[in-house]
Amino acid sequence: MHTSHSIPLPNRPPLILGPRPLVMGILNVTPDSFSDGGQHNLVAAAVAHAHQMIAEGTDIIDIGGESTRPGAEVVGVQQELDRVMPVIDALIAAGITTPISIDTYKPLVADQAIQAGAVIINDVHGLQRAPEMAEVAALHDVPVIAMHWQADRDHSVPLADDMLAYFERSVAIAQAAGTSLDRLILDPGFGFGKTLQENYHLLSNMHAALPPNFPLLVGTSRKSMIGKLLDVPAEERLAGTIATTVLGYINGGHIFRVHDVRANRDALRVAQATLYGPPPELR
Ligand code: 9MG
C-alpha cells in the first residue's frame, strides 16, 4: 500500500519512508504565530516550541519565516533570514538530531539554512518560482519537497491533469539542475488554489494527480478545508485534522506536516497498526 524509499540526508541517518508514517512538526517563525511580540521573544518562543515538538516525537521540524496564509505579508530575504537563522542556530547548538527542513521558496534563504544545519528544502512553489532552488538542492545534495501551488490555474482543466503537468515541470527542473530524482518528495498542496470539493476529492484520489513512485507529503493541519466543513476556527480543528491525516496515510501518504505532533503521531500509529499490524515487540 505504501511505496518504500530511503532518502539520504547530510550528517543524519536517511529518511526511511514506507509503512511507518513520519510526522513533520510545523514551526512558523512569524509574528502572528507567537503573540509575545518583538524579534527576541519570537525567536525564543520558536526555539521552545521546537523543543516541545521534539519531546512529543516529531520526526522532522519544518521552520518557516513567511506565512503562506491568504493575505499574509510578503517577507524580504533579509527579514526571513533574521527570523529563521537564529532558531536553526539555536537548535543545532543545542545538539538536536531531528532533521530540520527549511520552508522557503527563496534560494538564498535555503542555501543559508542548509549551511547552518537544515537538511531538507520545503518549497511551496515546487521549484517553479525560482528555478535556482533546484541548483541549491543539487549543490548540497539535500531532498526537496515540491508542493503543487498553481495560483493562476485554469479551472476548466481538471485538477489532476493540471497537477500531473505541474509535477512534470518540477521533475524536469530538478533533473536539469542535477538533483537526483530520488531526492524529490511530492506534495499535493492541500488548500492552495483548490476548491473545497477539489481538496476532499484529492485526499481520496492523490495517486491520480501525482506521478507514480515518489514519496508523498500531506499537509492538511488546521486548514480551511476543515474549518469550512466544520465551521470552526483554526484552534478547534484538531479532530478534523486527525481524520485527514489518517485518510491521507491510508491513501499512500508518507509524511504528515502538522501543528499538533503528539495527537497526529498517536493517530498515525493506530492507523499503521491497522494496515500493517502492531510493532513486533507488542505482538
Ligand atoms: C508551508 N506550507 C503550508 N502548507 C503546506 C503544505 O500543505 N505542504 C508543504 N509542503 N508546505 C506547506
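As a starting point, this report considers the structure included with it. (Residues numbered from 1 in each chain as written. Predicted model: local features only at pLDDT ≥ 70, side-chain atom pairs only at ≥ 80, totals over all residues. Heavy atoms only, no water.)

### Some details on the sheet that holds strand S4 (residues 60-64)
In a beta sheet, neighbouring strands are held together by backbone hydrogen bonds and run either parallel or antiparallel to one another.
Right, so step 1: On the basis of which strands lie adjacent, the open sheet formed by 8 strands has the order S8-S7-S6-S5-S4-S3-S10-S9 and parallel pairing. Either end of the sheet is taken by a strand with one partner, and the two such strands are strand S8 (184-187) and strand S9 (217-218).
Right, so step 2: In this structure, strand S3 (residues 22-28) lies alongside strand S10 (residues 255-258), joined through 4 bridges in parallel fashion. Its bridge partner lying in S10, glycine 25 is registered against valine 258.
Right, so step 3: Sheet strands touched by helix H9 (residues 261-276): S3 and S10. Its angle to S3, the strand with the most contacts, is close to 165°. (Pairing = 2+ DSSP bridges. Helix = DSSP H or I, 4+ residues; strand = E, 2+ residues; numbered from the N terminus. Contact = heavy atoms within 4.5 Å. Axes fitted to C-alpha atoms, helices over the stretch in contact; angles between N-to-C directions.)

### A few points about the site of the ligand
Right, so step 1: Close contacts around the ligand come from Thr68, Asp103, Asn122, Val124, Ile145, Met147, Asp187, Phe192, Leu217, Gly219, Lys223 and Arg257, and that covers them all.
Right, so step 2: For the ligand, an oxygen atom lies 3.2 Å from a polar atom in the backbone of glycine 219.
Right, so step 3: Arginine 257 is positioned with one of its side-chain polar atoms (N or O) 3.4 Å from a nitrogen atom of the ligand.
Right, so step 4: In the complex, 96% of the free accessible area of the ligand, which totals 310 Å², lies under the protein chains.
Right, so step 5: In a pocket analysis with a 2 Å cut-off to the grid points, the ligand is assigned to the largest pocket.
Right, so step 6: Looking at side-chain class alone, the shell around the ligand contains 5 nonpolar, 3 polar and 4 charged residues. (Near = heavy atom within 4 Å. Polar contact = N/O pair within 3.5 Å; in protein donor to acceptor, adjacent residues only side chain to side chain. Areas by Shrake-Rupley, 256 points an atom, 1.4 Å probe, with all protein chains shown as cover. 1 Å grid on protein atoms, 1.4 Å probe; cavity = no way out; pocket = protein on both sides within 12 Å on 5 of 7 lines; lining within 4 Å. Sits in = over half its atoms within 2 Å of the grid points. Nonpolar A, V, L, I, M, F, W, Y, C, P; charged D, E, K, R; others polar.)

### Some thoughts on the packing of helix H1 (residues 39-55) against helix H2 (residues 77-93)
Right, so step 1: Between H1 and H2, the shortest axis-to-axis distance is 9 Å and the interhelical angle comes to 45°. One finds that H1 runs oblique with respect to H2. Crossing geometry of H1 relative to H2 is assigned as right-handed. Residues Gln39, Leu42, Val43, Ala46, Val47, Ala50 and His51 of H1 touch H2, and the partners they reach there are Asp82, Arg83, Pro86, Val87, Ala90 and Leu91.
Right, so step 2: Among the residues making up the contact of H1 with H2, the classes are represented as 9 nonpolar, 2 polar and 2 charged. (Parallel < 35°, antiparallel > 145°, perpendicular 65-115°, else oblique. Left-handed = near helix turned anticlockwise from the far one by under 90°.)

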